[in-house]
Amino acid sequence: MQLIPQAIPDVVLIEPKVHGDARGYFVETFRKDRLEQALGYPVSFCQDNESFSSRGVLRGLHFQLPPHAQAKLVRVLDGEVLDVAVDIRQGSPTFGQHVAVRLDAQSKRQLFVPRGFAHGFVVLSETARFAYKVDNYYSPESDRGLAFDDPALGIDWLLPSEQLLLSAKDQQQPLLSQLGEAFVYQGGTHD
Ligand SMILES: Cc1cn([C@H]2C[C@H](O)[C@@H](COP(=O)(O)OP(=O)(O)O[C@H]3O[C@H](C)C(=O)[C@H](O)[C@H]3O)O2)c(=O)[nH]c1=O
């Protein structure tokens, strides 16, 4: 397994080692020790999620407010998505910047999205099954969002806007400039 810090170094890409043989394959999909070694701090996941979507579905950009902020370890079980993490930590040197990575069932690549980031993905394949671990429980009252098409973010979702399908909620999320002090950067991602 390789863990590769991205352009925003708190966001880590994980390239698992796939052991193929005549029967099929085996892969270690999560190693707490390796992840914590790469991050330099402990992570304790408490909830697993899965969603299924068709091509063009865009889920995001979402986050939960502290103290219910969630770090996420995301992967694709079937299909392919473009996965995006946006730094929304006030005071961060990379505030408003994002990491965008293609994740697919073939490569089994994963992305660790720390607390203090808004997260979303768009489905590039006919359908996609998306699975992820979070380190804080779902808290509907703390659930917030950010406009996927905020010009200040400059995210290229790879599909034309007319092919995108979003929930009513995601069609009217606030702009980055309207977020206020959701997260304050403290040199890390533990808020
Ligand atoms: C997130 C969540 C949702 N729900 C319920 C609430 C709704 O009745 C239904 C769909 O929720 P929502 O439309 O918020 O689902 P997504 O648009 O896939 O939201 C997720 O999308 C992006 C990619 C994220 O990073 C977050 O994990 C999460 O916000 O599932 C739950 O019961 N538990 C949960 O943890």
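Residues numbered from 1 in each chain as written. Predicted model: local features only at pLDDT ≥ 70, side-chain atom pairs only at ≥ 80, totals over all residues. Heavy atoms only, no water.

- As annotated in an unreviewed UniProt entry, the protein chain carries the name dTDP-4-dehydrorhamnose 3,5-epimerase and is attributed to Thiopseudomonas denitrificans.
- The Catalytic activity (unreviewed entry) field of the UniProt record for the protein chain holds the comment "dTDP-4-dehydro-6-deoxy-alpha-D-glucose = dTDP-4-dehydro-beta-L-rhamnose".
- According to the UniProt record, the Pathway (unreviewed entry) comment for the protein chain reads "Carbohydrate biosynthesis; dTDP-L-rhamnose biosynthesis." (UniProt positions renumbered as here; feature names shortened; annotations may be inferred.)

### A closer look at the side chain of Q47
Next, step 1: Along the chain, Q47 turns up in strand β5 (residues 47–54).
Next, step 2: In terms of polar contacts, Q47 uses its side chain to reach the backbone amide nitrogen of Y138, at 3.2 Å.
Next, step 3: When near neighbours in sequence (up to four residues on either side) are disregarded, Q47 contacts Y132, K133, V134, Y137 and Y138. (Helix = DSSP H or I, 4+ residues; strand = E, 2+ residues; numbered from the N terminus. Polar contact = N/O pair within 3.5 Å; in protein donor to acceptor, adjacent residues only side chain to side chain. Contact = heavy atoms within 4.5 Å.)

### Remarks on the UniProt feature "active site" (unreviewed entry) in the protein chain
Next, step 1: Listed under "active site" (unreviewed entry) in the UniProt record, and renumbered for this structure, are H62 and Y132. For this annotated set, covering 71 residues, all C-alpha atoms fall within 13.8 Å of each other, a compact arrangement in space.
Next, step 2: Its location among the elements puts H62 in strand β6 (residues 58–64).
Next, step 3: Look past the residues within four positions of H62 in its chain and what remains in contact with it is K72, F117, A118, H119, R144, G145, K169, D170 and Q173.
Next, step 4: Relative to the helices and strands, Y132 resides in strand β13 (residues 127–134).

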